[in-house]
Amino acid sequence: MSRSFIVLFDDLPSPYSRTVSDCVIDELRARGEEVNLAEGGKAAEAGPGVPDGEDVFPVVTVTIGSRAAHDDIGVTAPAFVDVRIHAGAPAGDKPDPEEDQMLIMRADTEPAELFTQRVIGELERRGLLPEAEIYTAHEEEEVIGRLQALGYIE
Amino acid sequence: MSPRQRIAIIGLDCATPDLLFDRLAADMPTLTALRQSALWGPLRSVIPPITVPAWSCMTSGLTPGELGVYGFRNRIDRSYQRMGLASSRTIQVPRLWDLVTARGGESVVIGVPGTYPPSIIRGHMVSCFMAPNTEVGFTHPLGLRDEVEQVTGGYILDVADFRLADPNETAYRIFEMTEQRFRLARHLAARTSWDLFAFVDMGPDRLHHRFWRYCEPRHPRYEPDGQFTGLFRAYYRALDAHLSHFLEVLPGDCAILVVSDHGAQSMIGGFCLNQWLIEQGLLVLTGPLPDQPTPLAPDRIDWSRTVAWGDGGYYGRVFLNVVGREPAGVIPADSYEQVRDELADALTALVDHEGQPMGTRVMRPEDIYPEARNVPPDLIAYFGNLRWRSVGSIGHPRLHVFENDTGADDANHAELGVFLLAGRGVAAERRNDLSLYDVAPTVQAMLDLPVPPGQRGRVLV
């Protein structure tokens, strides 16, 4: 099922969280996913492709925020970025920290590209994003041919 | 990661203790000198001793069964058709560079088999020869690709046209690839910051498979006066010089580990596993046996009358066609063990082309792995203890063949590779009980990394 993604900036985005957002958006679009952008928690205003009021719909909201502290989830690092992945609920609903459907990851000093990969990996793990193909058909043939020539496989 | 201990792992795929520690020791003064202050010895590989999964076992400390990787290509499910290439994503457990990343350290990883597509780590990764070409994203970060291309003048993923090219050309390409790997390693070791440096050169493996008959007097087709008789000495002298130059750029506090994933031995020939199963009445074709070597495609098999089939490669994988497990299974579940035992006995009793016992070893996954994930073979067979490769194709004039339809192959893998560890706090000692599974726990201890669950190896320092 094709999904629409909303990448949402929450609170006051820092340069770091902007970088993470850009990386996430680039990766999703590179995989052919539709991405809408929003700021300030207004997922319902995110633009075309966002159904409104349906019980279950193919919208995944990736909320990227940067905070000085986040006591409500027990993280008190001096600075970090959190990412919330919110799927299958009406647009505009505020993610509930108590629910399992939300993910919060610390960034601290983690390289943005690495952090992005963890976001993408989590989307894949939850089945919200298909795993990227490793090889095209032609590339796979190329590698199999090489392995056959080397004697590893027949 | 403080106080800072660093380690550089120099992987030499297929390097053998016989060559490195004995016959060519005088031609490798750097390695031989390093041995004086090192813990070293032969290293027992995994079952099977194949590049994939062996390097991933070494860097995770887990068995092929726990990784669910039994070779380069594995059954994806219990259907008869679906096979998948093992990739970095198949490895679902942390490897050393993942632990370093989690700890906040940095790694440089170059050419370690099982790293395509490259993982996102702290540091730099150039993935292995499983990358289809250098146009794809084979590095992390992606931008590293340009640097790699610039430093190497065009990165060589592997020796092109390995068996089909003129042997002089192949030899040249092997030397060139090794020189290039070390050049890149030297460059990144000097330019970047790292705690773990791990690179693997496939050159020794390619050399052994293509030219083993020129270095091994016990090889059935040994050529003592052949054109390539001096090739091994020249190659290992060159490799030792590359090693010497690489060591020059390492920081003084750096531990050094030279290691291989398996060894090499003479390959006598190939044993036609599926053709033998056909002769035993255990594998039934939908049509006549072809009159020339032909790959055994699933649609050639009458699955409703087939008990077992096999896979070719450096070792044999045997699969049983079980009711309720395979789509058209014929072996009732309650007969499975009996059928498997009988087949194991028959394989163990195989004779060679001269009617002598082959010395085949047959193993059951559950006997050698604590867990067998994904789709393991029902039996693992080392024909002649790996002196014969497994031939999966059918239509051969006899069960024992000496020509490989993909070109010359002189060597098969052997279970003993090499291990040499030098560094602060490492006592100089030769040991004969080293295991590939010891590598990850030892490196973890030296870098003060956490110990993932399930590892069986020992800390050697």
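Residues numbered from 1 in each chain as written. Chains lettered and ligands numbered in written order. Predicted model: local features only at pLDDT ≥ 70, side-chain atom pairs only at ≥ 80, totals over all residues. Heavy atoms only, no water.

**What about the overall build of chain A?**
Which entries qualify depends on this criterion: Every helix listed is a DSSP run of H or I at least four residues long, and every strand listed is a run of E at least two residues long, numbered separately from the N terminus. When accessible area is computed with a 1.4 Å probe and restricted to protein chains, residues below 20% of their type maximum are described as buried, those above 50% as exposed, and intermediate ones as partly exposed. Contact criterion: two residues are considered in contact whenever any of their non-hydrogen atoms come within 4.5 Å of each other. Computed with the Shrake-Rupley method and a 1.4 Å probe, the accessible areas treat only the protein chains shown as cover for residues.
If you tally the helices and strands in chain A, you get three helices and four strands. Start at the N end of chain A and walk to the C end: the helices and strands fall as β-α-β-β-β-α-α. Out of the 154 residues belonging to chain A, those deemed buried represent 46%. Long-range contacts, defined as pairs at least 24 residues apart, comprise 61% of the intrachain contacts of chain A with a sequence gap of at least 6. By element, 49% of the accessible surface of chain A is carried by carbon and sulfur atoms, the whole surface being about 7,600 Å².

**Points about the interface of chain B and chain A**
Under the convention used in this document: Salt bridges are identified by distance alone: a Lys or Arg side-chain nitrogen within 4 Å of an Asp or Glu carboxyl oxygen. Polar contacts here mean pairs of N or O atoms no more than 3.5 Å apart (in protein, one a potential hydrogen donor and the other a potential acceptor; neighbouring residues in sequence count only if both atoms are side-chain atoms). Residue polarity is assigned by list, with Asp, Glu, Lys and Arg as charged and Ala, Val, Leu, Ile, Met, Phe, Trp, Tyr, Cys and Pro as nonpolar; anything else, Gly included, falls into the polar class.
With 40 residues of chain B in contact, the opposing surface of chain A contributes 24 residues. Joining chain B to chain A, the criterion identifies one salt bridge. Linking chain B to chain A there are 15 residue pairs in polar contact (both at pLDDT 80 or more). Only helix 8 (203-211) and strand 16 (388-391) of chain B provide two or more residues apiece to the side of chain B that touches chain A. When residues of the side of chain B that touches chain A are assigned to their parent elements, the largest contribution, three residues, is made by strand 16 of chain B. Residue classes in the side of chain B that touches chain A are distributed as 19 nonpolar, twelve polar and nine charged.

**As for the pattern of salt bridges**
All names here are of chain B. Summed over the entire model, instances satisfying the criterion amount to 35 salt bridges over all chains. The shortest N-O distance in the salt bridge between aspartate 409 and arginine 163 comes to 3.0 Å. Placement of aspartate 409 in the loop between strand 17 (400-401) and strand 18 (411-414) and of arginine 163 in the loop between helix 6 (144-152) and helix 7 (167-191) is noted, with a sequence separation of 246 residues between them. Linked by salt bridges that have partners in common, Arg75, Arg78, Arg325, Glu326 and Asp378 make up one network.

**Notes on the nonpolar core**
Residue and element names in this part refer to chain B. Spelled out, the test is: Buried Ala, Val, Leu, Ile, Met, Phe, Trp, Tyr and Cys residues form a nonpolar core when they are joined through side-chain atoms within 4.5 Å.
In terms of nonpolar packing, the biggest core is built from 129 residues, with Phe197 and Phe246 touching the most fellow members. If we skip the residues at most four places from it in the chain, phenylalanine 197 touches Ile7, Ala8, Ile9, Val108, Ile110, Ala185, Leu188, Ala189 and Phe246. If you look at the next biggest cluster of nonpolar residues, it comprises 35 residues, including Leu277, Leu283, Met358 and Val401.

**Section: the confidence of the model for chain B**
How we decide: Summary of the metric used: pLDDT quantifies the predictor's per-residue confidence within the range 0 to 100.
When pLDDT is averaged along chain B, the result is 95, and 98% of the positions lie at 70 or above. Two numbers describe this predicted complex: its pTM, 0.89, and its ipTM, 0.93.

**Some remarks on helix 11 (residues 336-348) of chain B**
Residues and elements named next belong to chain B. Worth spelling out the cut-off: A helix is expected to reach a length of 1.5 Å times the quantity of its residues less one. Relevant arc is that of directions from the helix axis to the C-beta atoms, nothing else.
Between the first and last C-alpha of helix 11 there are 18 Å, a value that for 13 residues agrees with the 18 Å anticipated at 1.5 Å per step. Of the positions making up helix 11, those classed as buried are Tyr336, Val339, Arg340, Leu343, Ala344 and Leu347. Along the axis of helix 11, the buried positions cluster into a sector of 135 degrees, meaning they face one direction only.

**A closer look at the confidence of the model for chain A**
Residue and element names in this part refer to chain A. Averaged over chain A, the pLDDT score is 65; the fraction of residues at 70 or greater is 42%. Segment residues 40-58: pLDDT under 50, and 37 contacts once partners within four positions in sequence are set aside and those in other chains are kept. Long-range and interchain partners of residues 68-79, a stretch whose pLDDT sits below 50, account for 21 contacts in this model, where long-range means more than four residues apart.

**Regarding the sheet that holds strand 15 (residues 379-382) of chain B**
Residue and element names in this part refer to chain B. Operational definition: In this scheme, strands are said to pair when DSSP sees at least two bridges between them. In this description, a line fitted to the C-alpha atoms serves as the axis of each element, helices being fitted only across the stretch in contact, and the angle between N-to-C directions of two axes falls anywhere from 0 to 180 degrees.
The strand order 12-13-15-14 describes an open sheet built from four strands, whose pairing is antiparallel. Where the open sheet ends on each side, the last strands, each with one partner, are strand 12 (308-311) and strand 14 (361-363). Taking each pair of neighbouring strands and ignoring which way they run, the sheet shows an average axis angle of 25 degrees. As judged from the three bridges shared by strand 14 and strand 15, these two strands associate in the antiparallel manner. Within strand 15, the position partnered with methionine 363 by the bridge is isoleucine 380. Contacting strand 12, strand 13 (316-320), strand 14 and strand 15, helix 11 runs over the sheet at an angle of about 150 degrees to strand 13.

**Digging into the sheet that holds strand 17 of chain B**
All names here are of chain B. On the basis of which strands lie adjacent, the open sheet formed by three strands has the order 16-11-17 and mixed pairing. The open sheet has two free edges, formed respectively by strand 16 and strand 17, since each of these has just one partner strand. Across four bridges, the pairing between strand 11 (residues 269-272) and strand 16 is parallel. By the bridge assignment, cysteine 272 is partnered in strand 16 with valine 391.

**Quick word on the state of the cysteines**
Let me state the cut-off plainly: In this description, the term disulfide denotes a pair of cysteine sulfurs within 2.5 Å.
Within the structure shown, the criterion is met by zero disulfides over all chains. With no disulfide of its own, Cys128(B) lies closest to Cys57(B) among cysteine sulfurs, the gap being 14 Å.

**Notes on unusual backbone geometry**
Residue and element names in this part refer to chain B. Going from isoleucine 47 to proline 48, the amide bond is cis rather than trans, its omega being 0 degrees. Position of proline 48 among the secondary structure elements: in the loop between strand 2 (38-44) and helix 3 (51-60). In this chain, tyrosine 116 is followed by proline 117 through a cis amide linkage whose omega measures -5 degrees. Relative to the assigned elements, proline 117 resides in the loop between strand 5 (107-110) and strand 6 (123-126).

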